[in-house]
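# Structural description and commentary
Below are the chains, spelled out letter by letter.
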Amino acid sequence: MNHYFNHQQRIFKYKTCAFSLLFILSVFFIFTIFFADSCYLDIYAFSKTETIRNFTVSDKSVKDNTSKNSAPAELSSLHAKAAILMDGDNQRVLFGKEEEKELPMASTTKIMTCLYAIEHGNLSDKVTFSRRAASAPKVRLGARSGSQFLLSDLLYALMLESYNDVAVAIAEHIGGSVEQFCEDMTQEARDYGCYHTSFETPNGLDSAKHYTTCHDLALLTCLALKNENFCKIIKEQSFSIKELKNGQSYSLNNKNLFLTSYNGAIGVKTGYTNNAGYCFVGAVKKDGHYLISVVLGSGWYPNRRYKWEDTKRLMDYGIKNYNKKEIPLNQGIPSKLPVKNGRKSTCTLSAPASTSLYISPTEKTRCIISLSPSLTAPVQKGTAVGSVVLYIDSKPYRSYPIYARQSIKKRTFAWYYKRMFYYLIH
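Residues numbered from 1 in each chain as written. Predicted model: local features only at pLDDT ≥ 70, side-chain atom pairs only at ≥ 80, totals over all residues. Heavy atoms only, no water.

A word on the sheet that holds strand 12 (residues 346–350). Pairing is mixed across the open sheet formed by six strands, whose spatial order is 14-16-17-12-11-15. Bordering the open sheet on either side are strand 14 (365–371) and strand 15 (375–376), each of which pairs with just one other strand. Here strand 16 (residues 384–392) pairs with strand 17 (residues 395–404) via eight bridges, running antiparallel. In the strand pairing of strand 17, Leu390 is matched with Arg398. (Pairing = 2+ DSSP bridges. Helix = DSSP H or I, 4+ residues; strand = E, 2+ residues; numbered from the N terminus.)

Here you go:
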């Protein structure tokens, strides 16, 4: 009996010793693996840190914004209370005068009315004029209550002749009421980033809560000009529509004289009210340039020509002084970064390649990289891990993100044990 008991004790001691040895070996291997990887990360990070720091700045205040220029001599005598010249491709402001000031915008409102109707309506819909629409003030189509037109036809009447009754009919058809349409249109403008715009009428008639800024209106125009149907409408010199019930025809003529007076002009919309004065949104594609201009309060009656003069000066200035430049954004960015406590030692990066901007000969561009020397697991694919800030002269223009191209999980105790057995087997 004692012999059996002693035998069991020896077996227990052997098991205890074996388990202890296995535990010590496990700790040793885990420590060795961790220490080796940590040393690799530290050495890798040390070798890369100096390179990265040469490009690193702390600039958390950078906004995706535009750079402003002081008024050049040729634009110092603009008639407009507020004006802007914008790069149609990248929305960079090439010139601004009170471009962030909230002002009434008259019938340039109809740019958004038209775009919203195209995007949220059916162009083959039949639109019926209500009494409210039929009683809208001049300028108007003059259709009676109960008259019906195709929505597509009314959009030509809206943009070419700037009819106020047509705007009301469209608003009621799309939104159910003028009030709801304007509320929805305002919210969509906010979604586009136009936070200083409020629509209270679909036609631009003066109202206390109806206003925008040159900058917001230029942004909305850039969006509208990406819509093929919108572009087709504003380029027409004349158009004919019919009332669906009695077949009465209406001839429409484009009131935008800029289309025929400036080479390369493609639009967009005129406007006038007693409060807003003469307003105009213009667009030009010429000699490799794509420019958007806005003038608000460009004189009052009878100075109709002021808006054309201001717009021509803005466009001439942009074409003369700015040319497209390809700017590389990825110079100095490493292809990968070390990852602390990750199941992989490095993570590959996805950096922006280049951007194309209108730059004047006197402007200087530079890129500054903001990027840590290493990442910490877990890392999610598609996560921004740094940025490239493009400066034009001394002002930040835009920040471009640097993304992780792969997901890397964090190390766990179970993962270390799997690594340990892998090393033991191999």
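Under the counting rule described, the total for this entry stands at seven salt bridges. As a salt-bridge pair, Glu161 and Lys255 come within 2.5 Å of each other at their nearest N and O atoms. With Glu161 in the loop between helix 4 (151–160) and helix 5 (164–175) and Lys255 in the loop between strand 6 (249–253) and helix 9 (258–261), the pair connects residues that are 94 residues apart, well separated along the chain. Among the residues examined, Glu161 registers a relative accessible area of 10% and is labelled buried. Judged by relative accessible area, which is 41%, Lys255 ranks as partly exposed. A salt bridge links Asp316 to Lys312; its shortest N-O distance comes to 2.9 Å. Taken together, the residues span about one helical turn, with Asp316 and Lys312 both in helix 10 (residues 306–321) at a distance of four residues. Judged by its relative accessible area of 44%, Lys312 is partly exposed. The structure contains a network of salt bridges with shared partners spanning Asp87, Asp89 and Lys324. (Salt bridge = Lys/Arg side-chain N within 4 Å of Asp/Glu carboxyl O. Buried < 20%, exposed > 50% of the residue type's maximum accessible area, 1.4 Å probe, protein only.)

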